[in-house]
Amino acid sequence: MAPFPSGLLVLTAPLGALPRRAAAALAEAAGVVTGPLYVHLQPGLRLDGPAPRPAAPPPAAALLRALAALYAAAAAHRGLDVRVLLGHGHRLARPPRVLLADGGAGDAGPVRVALRELAAAAYGCPPGLPALLLSGSDGPEALPDGSGAELPAYSDVAVGGTFDRLHGAHRLLLSACCLLARRRLLVGVADGELLRHKVLRELIEPYELRAAKLREFLADVQPAVLYDIVPLGDPYGPAVTDPELRCIVVSEETRRGGEAVNKKRIENGLAALELFEIELMEDPYHGHNEEEKISSSSLRQRLLGTLLRPPRDSPTLLPRPYIIGLTGGSGSGKTSIAQRLGQMGAFLIDADALGHAAYLPGSPAHGRVVAAFGAEILNKDGTINRKVLGAKVFGNQVQRLKSLTDIVWPEIARMVRERIGEAGAQGKAVVVLDAAVLLEADWQEMVHEVWAAIIPEEEAVKRIVRRDGLSEEAARSRLRSQMSDSQRVQQAQVVLCTLWEPEVTRRQVSRGPLPTARERRGGNGSSAAGLPPVGSAAGRDGRRRAPRAALLTAFRRQVEKAWELLQQRLSRAPAGPPAN
């Protein structure tokens, strides 16, 4: 049976049974639905009884615990888009294409009929949708534990966050807000300067996309609340000036932020907000260099080395050898990545080395460069003095730099094509073009995939100062004369980051079944997940730091992950004729 793009799962077990039943139900549903999985909770409903009437459980502590269990169970299935519905009587953003019920719902025939009737009454689903019964869980049913204490209610509620790649912890936080708010929910979404120090900020989704995902999720979950979604350019936003707000929802991690909001409100002559705290959701799959809680930064780290967008499909590119264009700014660790890829079997082409060859006497570019910039750039032996040439170019950067690159870049591209031809003649499957100016020179037309190495500016500055002996100011000037990491990421199929020391990126680079790589690792290629090892420490930003040995392993895994996933892609693609 082909999977369905969306589905509606009806759970009728008592709320107290959900923590035990959620994992099994979602695991089975994950094999049936590839897109949004809506969950309708109606404890005690008999689907094999009279025509079911939709009803939502009351906003109580037991419901909040059930939500936590469901979203925690959903975290085990990456990509499963679970949305637990807290209201009904509206059409859903992605109408369900299949209906599901948990095991023990009753006789199959009447249950399927009742499922269709309930879906039609609650969410306007069309008749005739496929209705499937899940196998359910073994063992005695848990006794109802009652709804527990009622949650407090507030007319207007506020919450803030980055909300990047809306995950289970976000969904629990937002669902709690929906249960508390009777009229309006103000959602502040971090943007601009607030993202500056975020881990892998270049991979954060654009504000417009994050806001759209929030709006769709909230409208699906509880349409009765008014949603006000605004960008946050500072830590406070409208929460410190809005007199109608009564409550702010925080996590253990953001409680101090909520207290800071209240301090500002009091300074502004407004009443302090009630703080409603949600527990952090533990991530059972976090790696050594990831946070223990479910977090967007960990999800972004897991994107490193994976395919972010489809490879280029150009009639001018032969299928083999498969060409990777590796690029990155100064201090990005690009060279370390290239070396690791070479060790794993890639044919390396160093564009910088070819650039040096392009200036040699006798090369097609040599005479043209001398003609353009004068004989004073020559050494006594006729070679070009790159330092003198650089002073001339950067004295009038815009025009003179273009004059130089118009001469040199086409010559380097010609030599690159020659080297690609040599790789094809040798039967090499993968070529890596290591080129800092890959995108600026439009050489991405020569490659199937662009791999971008990125690094925070502060770390790049430290590396350049240490490596090249430049001042911090000179290092920053060099970086700002280059394409930004955000611009590179926008054009990259794969992103790698050497923030965790040179060895850390190696795992990013090498993702897919390559026996020789596995033999070198001495394992099955899967990354170990668990608590940080003994000896880890907190950095200045308060994040846990793994020991250097763990960081080196993380780099290796990052690079190897990218390489292994590439091998998987190549194994599924036709080989085609070798390049001439």
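In what follows, the accompanying structure is described. All of these numbers come straight from a predicted model, not from anything done at the bench. (Residues numbered from 1 in each chain as written. Predicted model: local features only at pLDDT ≥ 70, side-chain atom pairs only at ≥ 80, totals over all residues. Heavy atoms only, no water.)

### Comments concerning the pattern of salt bridges
Argument step 1. With the rule as written, the count across this model stands at 36 salt bridges.
Argument step 2. The salt bridge partner of Asp156 is Arg184, with a shortest N-O separation of 2.6 Å. One end of the pair, Asp156, is in strand β6 (residues 154-161); the other, Arg184, is in strand β7 (residues 181-190), with 28 residues separating them in the sequence. The two residues Asp156 and Arg184 agree in class, both being buried.
Argument step 3. By sharing partners, the salt bridges in this structure join Asp81, Arg83, Arg94, Arg171, Glu216 and Asp220 into a single network. (Salt bridge = Lys/Arg side-chain N within 4 Å of Asp/Glu carboxyl O. Helix = DSSP H or I, 4+ residues; strand = E, 2+ residues; numbered from the N terminus. Buried < 20%, exposed > 50% of the residue type's maximum accessible area, 1.4 Å probe, protein only.)

### Looking at helix α2 (residues 61-74)
Argument step 1. Given a rise of 1.5 Å per residue, 14 residues ought to cover 20 Å, and the 20 Å separating the end C-alpha atoms of α2 matches this to within 8%.
Argument step 2. Among the 14 residues in α2, ten count as buried, and that is most of the element.
Argument step 3. Considered for burial, the residues of α2 that qualify are Ala62, Leu63, Leu64, Ala66, Leu67, Ala69, Leu70, Tyr71, Ala73 and Ala74. (Expected span 1.5 Å × (residues − 1).)

### Some remarks on the sheet that holds strand β10 (residues 274-278)
Argument step 1. With parallel pairing, five strands are arranged side by side in an open sheet as β8-β7-β6-β9-β10. The strands lining the two open edges of the sheet, one partner per strand, are β8 (226-232) and β10. Ignoring strand direction, the axes of neighbouring strands in this sheet form an average angle of 25°.
Argument step 2. Pairing of strand β9 (residues 247-251) with β10 involves five bridges; the strand directions are parallel. In the strand pairing of β10, Cys247 is matched with Glu274. (Pairing = 2+ DSSP bridges. Axes fitted to C-alpha atoms, helices over the stretch in contact; angles between N-to-C directions.)

### Remarks on unusual backbone geometry
Keep in mind that most residues, glycine aside, have a negative phi and that most peptide bonds are trans.
Argument step 1. Here Arg320 and Pro321 are connected by a cis peptide whose omega angle stands at -5°.
Argument step 2. One can find Pro321 in the loop between α7 (296-303) and β11 (322-328).
Argument step 3. Its identity as a non-glycine residue notwithstanding, Asp442 has a phi of 60°, on the positive side.

### Here's the deal with the sheet that holds strand β13 (residues 430-434)
Argument step 1. Within the open sheet, the five strands sit side by side as β12-β13-β11-β14-β15. Their pairing is parallel. Both edges of this open sheet fall to β12 (347-350) and β15 (494-497), since each of them pairs with a single strand only. Averaged over neighbouring strand pairs, the angle between their axes works out to 25° when direction is ignored.
Argument step 2. The pairing of strand β14 (residues 449-454) with β15 spans four bridges and is classified as parallel. Across the sheet, residue Ala453 finds its bridge partner in β15, namely Leu496.

### A word on the packing of helix α13 (residues 457-468) against helix α14 (residues 472-480)
Argument step 1. Interaxial distance between α13 and α14 falls to 9 Å at its minimum, and their mutual angle equals 120°. Relative to α14, the element α13 lies oblique. For α13 against α14, the interelement crossing comes out right-handed. Of α14, the residues touching α13 (which contributes Glu457, Glu458, Ala460, Val461, Ile464, Val465, Arg467 and Asp468) are Glu472, Ala475, Arg476, Arg478, Leu479 and Arg480.
Argument step 2. Of the residues that constitute the contact of α13 with α14, the class distribution is six nonpolar, no polar and eight charged. (Parallel < 35°, antiparallel > 145°, perpendicular 65-115°, else oblique. Left-handed = near helix turned anticlockwise from the far one by under 90°. Contact = heavy atoms within 4.5 Å. Nonpolar A, V, L, I, M, F, W, Y, C, P; charged D, E, K, R; others polar.)

### Topic: the state of the cysteines
Disulfide: a covalent bond formed between the sulfur atoms of two cysteine residues.
Argument step 1. Following the criterion strictly, the structure yields zero disulfides and no others.
Argument step 2. Free of any disulfide, Cys178 has its nearest neighbouring cysteine sulfur in Cys177, separated by 6.8 Å.
Argument step 3. Overall, the relative accessible area of 5% leaves Cys178 in the buried class.
Argument step 4. In this structure Cys247 is not part of a disulfide, and its nearest cysteine sulfur, from Cys177, lies 7.6 Å away. (Disulfide = S-S within 2.5 Å.)

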